[in-house]
Amino acid sequence: MLRRVPGAVFSVLLLIVLTTVPCTDGIMFRLTPNTQKCLRDEMQGNQIVAGEYEITNAPGQKIDFVVRDTKGHILAQKEDVSKGKFSFTSEVYDTFEICFISHVPPTHRGVDQEVSLDVKKGIETKSYEGIGEAAKLKPLEVDLKRLEDLSDAIVQDFALMRKREEEMRDTNESTNSRVLFFSIFSMSCLLGLATWQVLYLRRYFIAKKLI
């Protein structure tokens, strides 16, 4: 099957792989003594999230590491860290936050520490080199496997975007309906109040024999 595909198509496929596969660049920031720094990101359902962090050493200072979701569930946690890795699998679509917490004794003069963090999600966590060696695949077949997984991930992303769009549309329609009913109710109240005022004034003027 592969022999029937022209070489130009292979070139295009390889170009797509190289240009569309997400590249994860680590981020680096400074952590002030006795402060907390949190980074947030989204995760899809049944998605693997893996990361690696490294912190510069500072004598007498301690940094704790914790990963939570929006419900407060702890997905990963370690105390007094300097370097390590973490991974977890999400059950549903949610937002997670990675926090680094600095602890410095009151008698110790703290210094800023640099934190390096690299997070990967989904197909980024797969080692295609290891998969190719285990299955004895050729480099081109490994690239095709990567492209196939990437296509599936893109389809899932579009499905998730479509679901969000439908939810937002339903919310907008519900909001518009409520606004319409409230507007009708407000107009009815104003018309009723205006009618009552006219009738009241008419009775008042008749009672005073002004009309």
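Further up the page is the structure itself.
In this text, all values refer to a predicted model and were calculated from it rather than measured experimentally.

Draft legend 1. Just the state of the cysteines, in detail. As enumerated under the stated definition, the model contains 1 disulfide in all. One disulfide in the model links Cys38 with Cys99; its S-S distance is 2.1 Å. With the S-S bond torsion at 110°, the cross-link from Cys38 to Cys99 turns out right-handed. Of this pair, Cys38 sits in strand E2 (residues 36-43) while Cys99 is found in strand E7 (residues 94-103), placing the two residues 61 residues apart along the sequence. On the accessibility criterion, Cys99 (0% relative accessible area) is buried.

Draft legend 2. Here's a closer look at the pairing of strand E5 (residues 74-78). As paired elements, strand E4 (residues 62-69) and E5 share 4 bridges and run antiparallel to each other. Its bridge partner being in E5, Val67 is matched across the sheet by Ala76. In this antiparallel pair of consecutive strands, E4 and E5, the connection spans 4 residues, and Gly72 shows a positive phi of 90°.

Draft legend 3. Fine view of the sheet that holds E2. A sheet is described by the order of its strands in space; here 4 strands give the open sequence E2-E7-E4-E5, paired in antiparallel fashion. Among the strands making up the open sheet, the edge pair consists of E2 and E5. Taken pair by pair, the neighbouring strands of this sheet meet at an average axis angle of 15°, ignoring direction. Pairing analysis gives 8 bridges linking E4 to E7, with the strands arranged antiparallel. The residue bridging Val67 from the neighbouring strand is Ile98, located in E7.

Draft legend 4. Layout of the layout of surface pockets. The space that makes up the largest pocket amounts to roughly 590 Å³. As for the largest pocket, its lining consists of 25 residues, of which Gln44, Gln47, Gly122, Ala153 and Asp157 are closest to the centre. Elements supplying a minimum of two residues to the lining of the largest pocket: E2 and helix H3 (139-207). With 10 residues, H3 is the largest single contributor of residues to the lining of the largest pocket. Grouping the constituent residues of the lining of the largest pocket by class yields 10 nonpolar, 7 polar and 8 charged.

Draft legend 5. Broad picture of the packing of aromatic side chains. Under the counting rule described, the total for this entry stands at 10 aromatic pairs. These aromatic residues form a ring-pair network of at least three members: Phe29, Tyr53, Phe65, Phe86, Phe88, Phe96 and Phe100.

Draft legend 6. Structural view of the sheet that holds strand E3 (residues 48-55). If you trace the 4 strands from one edge of the open sheet to the other, you get E1-E8-E3-E6, paired in antiparallel fashion. Because the sheet does not close on itself, it has two edges, and the strands there are strand E1 (27-31) and strand E6 (83-89). When the angles between neighbouring strand axes are averaged without regard to direction, this sheet yields 20°. Sheet topology note: the E3/E6 ladder contains 7 bridges and is antiparallel. In the strand pairing of E6, Tyr53 is matched with Gly84.

Draft legend 7. Region of interest: the pattern of salt bridges. Applying the stated criterion across every chain yields a total of 6 salt bridges. Residue Arg164 is joined to Glu42 by a salt bridge in which the shortest nitrogen-to-oxygen separation is 3.4 Å. Separated by 122 residues along the polypeptide, Arg164 in helix H3 and Glu42 in strand E2 bring together distant segments of the chain. For Arg164, a relative accessible area of 30% corresponds to the partly exposed category. Given the relative accessible area of 38%, Glu42 is considered partly exposed. Between Arg162 and Glu166 there is a salt bridge, with its nearest N and O atoms 3.6 Å apart. Separated by 4 residues within a single helix, Arg162 and Glu166 lie in helix H3, roughly one turn from each other.

Thresholds applied
- Residues numbered from 1 in each chain as written.
- Predicted model: local features only at pLDDT ≥ 70, side-chain atom pairs only at ≥ 80, totals over all residues.
- Heavy atoms only, no water.
- Disulfide = S-S within 2.5 Å.
- Helix = DSSP H or I, 4+ residues; strand = E, 2+ residues; numbered from the N terminus.
- Buried < 20%, exposed > 50% of the residue type's maximum accessible area, 1.4 Å probe, protein only.
- Pairing = 2+ DSSP bridges.
- Axes fitted to C-alpha atoms, helices over the stretch in contact; angles between N-to-C directions.
- 1 Å grid on protein atoms, 1.4 Å probe; cavity = no way out; pocket = protein on both sides within 12 Å on 5 of 7 lines; lining within 4 Å.
- Points joined across faces, edges and corners; volume = space filled by probe spheres on them.
- Nonpolar A, V, L, I, M, F, W, Y, C, P; charged D, E, K, R; others polar.
- Phe/Tyr/Trp six-rings, centres within 6.5 Å; stacked < 30°, edge-to-face > 60°.
- Salt bridge = Lys/Arg side-chain N within 4 Å of Asp/Glu carboxyl O.

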